Each structure stands twice: as C-alpha cells, then as structure tokens.
Amino acid sequence: MTFKNIFLTGFMGCGKTSVGQVLAQQLGWSFVDLDQIIVAEAGRSIKEIFADQGEPYFRELESKMLEQVAARAGQVVSTGGGVVIAPANRANMHGNGCIVNLTASVETIAQRVSGDSERPLLADDASVLKIRTMLEVREQFYADADIRIDTTGKDVAAVAKEVLDYSKGSL
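In this text, all values refer to a predicted model and were calculated from it rather than measured experimentally.

Q: Sorry, what's going on with the overall build of the chain here?
A: Tallying secondary structure elements over the chain gives seven helices and five strands in all. Along the chain, helices (α) and strands (β) appear in the sequence β-α-β-α-α-β-α-β-α-α-β-α when read from the amino end. Relative to the compact-globule value of 16 Å for 171 residues, the chain shows a C-alpha radius of gyration of 15 Å, a close match. When burial is assessed residue by residue, the chain has 46% of its 171 residues classed as buried.

Dropping the structure here:
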C-alpha cells in the first residue's frame, strides 16, 4: 500500500502541528494545517466561528475543507481534534492516506493547552476532568487510526521518526 498523504489526528495539545511540520520537511511534502484552511475559508478565527455559528456549522465546514485537502497528494495534514468524530471524515482520510493518531497523557495535554484562549471547546474549562471526559468520548474515533503514538515525554523529532519508521516502504 502506498500512502498519498499522512493525516495526523489527536486531541488538542498532542503535537499534531509541531510533528506535522517536521514530518513534511523530512519527506519534502507540503504541510497543511486544516484549521488554518478553515480560518482562511471562513475569514475569521475558529473561536469566532464557534461563537457566531456554533459547533455544527464548524464541523460541516471542517468536513468540506478536509474533502478538498484529501483529494491532493504529498501532504502531511494536521487535523483538528474533533475531525475524527464524523465517520465520513475517517473514511475520507483512510481512503487518501495513513492516519496517525497522536496521544498524550491527560496531565500533559492540560499543561500544553493551559493559557491558550483560542481553543473554544476548552475556553470555559481546561481542567484535567474536562479533558479526560472529552478524550473518553472521542477514544473510539481516535482508535480508528493506522498507528497510535504517545507523545508524552517525547520530543518532536522522536515522534516524527516513529511515524517515518511506520511508513517506511509505503511512501
């Protein structure tokens, strides 16, 4: 099997953007941040989209942008943490590449996202309890990946190497 793209999934603060940028550079591929594509399309921040039109509208836009991005090849795509919830999004990513789910301990995530006011789903409550609850709800969707890598206590280069080692022969 040959991978057209690599899709990085995972909860906020698991390293999708950092790892994705390093991977893309190492592969000579494009790096695509799906959230940035959504912001450019909507002409406003994700926080503003959530506030003005709500999460269902955001998820619809997210799916539309993912479909456009996934149609291309030679990309490392950093997805939003909730993109995996929709079965059509998971099928789209599976059909157009390799899904790499990045994980981290709840405590690590809480530390990484603390003080970040641009994350609408954690704006009111970025506690360990809230993060744990959200992770439990999403676990079945995150598990539908080709490989899962725990980023807790690892640097970006080490995580990128794990992805490359897994993908060897398929790129």
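Moving on from the model shown.
Q: What exactly am I supposed to notice about helix α5 (residues 106–113) here?
A: Because each turn of an α-helix spans 3.6 residues, side chains separated by three or four positions in sequence point in the same direction. Of the residues making up α5, those classed as buried are V106, T108, I109, A110 and V113. Considering only its buried residues, α5 is in contact with α6 (128–142).

Q: What should I look at first to understand the pairing of strand β3 (residues 75–78) in this one?
A: Within a regular beta strand, the side chains point alternately toward one face of the sheet and then the other, so they alternate between its two faces. Side chains Q75 and V77 of β3 all project onto a buried face; the interleaved residues V76 and S78 project onto the opposite face, where all are buried too. Inspection of the sheet shows strand β2 (residues 30–33) paired to β3 by four bridges, in the parallel sense. Bridge pairing links V32 to V77 in β3.

Q: It is not clear to me how the pattern of salt bridges should be interpreted in this structure. Could you clarify?
A: Two side chains of opposite charge can pair, provided their charged atoms sit close to one another. Following the criterion strictly, the structure yields ten salt bridges and no others. R44 is the salt-bridge partner of D52, the closest N and O atoms lying 3.7 Å from each other. For D165, the salt bridge is made with K168, and the minimal N-O distance between the two is 3.7 Å. You can call D165 partly exposed: its relative accessible area is 37%. Beyond isolated ion pairs, a larger network of salt bridges with shared partners links E55, R59 and E62.

Q: Sorry if this is basic, but what is going on with the packing of aromatic side chains here?
A: The way to describe two aromatic rings as a pair is by their centre distance and the angle between their planes. For the structure shown, the criterion picks out one aromatic pair. Arranged with centres 5.0 Å apart and planes meeting at 40°, the rings of F50 and F58 form a pair that is tilted. Comparing F50 with F58 shows no difference in burial state: the two are buried.

Q: In this structure, what is going on with the pairing of strand β4 (residues 98–103)? I would like to understand it.
A: The buried fraction of β4 is high, at five of six residues. In the sheet, strand β1 (residues 5–9) pairs with β4 via four bridges, with the strands oriented parallel. From the neighbouring strand, T9 faces β4, where its bridge partner is N101. The pairing of β4 with strand β5 (residues 147–150) spans four bridges and is parallel. Bridge assignment links T103 to a residue of β5, and that residue is D150.

What counts and how
Residues numbered from 1 in each chain as written. Predicted model: local features only at pLDDT ≥ 70, side-chain atom pairs only at ≥ 80, totals over all residues. Heavy atoms only, no water. Helix = DSSP H or I, 4+ residues; strand = E, 2+ residues; numbered from the N terminus. Rg over C-alpha atoms; globule rule 2.2 N^0.38 Å. Buried < 20%, exposed > 50% of the residue type's maximum accessible area, 1.4 Å probe, protein only. Contact = heavy atoms within 4.5 Å. Pairing = 2+ DSSP bridges. Salt bridge = Lys/Arg side-chain N within 4 Å of Asp/Glu carboxyl O. Phe/Tyr/Trp six-rings, centres within 6.5 Å; stacked < 30°, edge-to-face > 60°.

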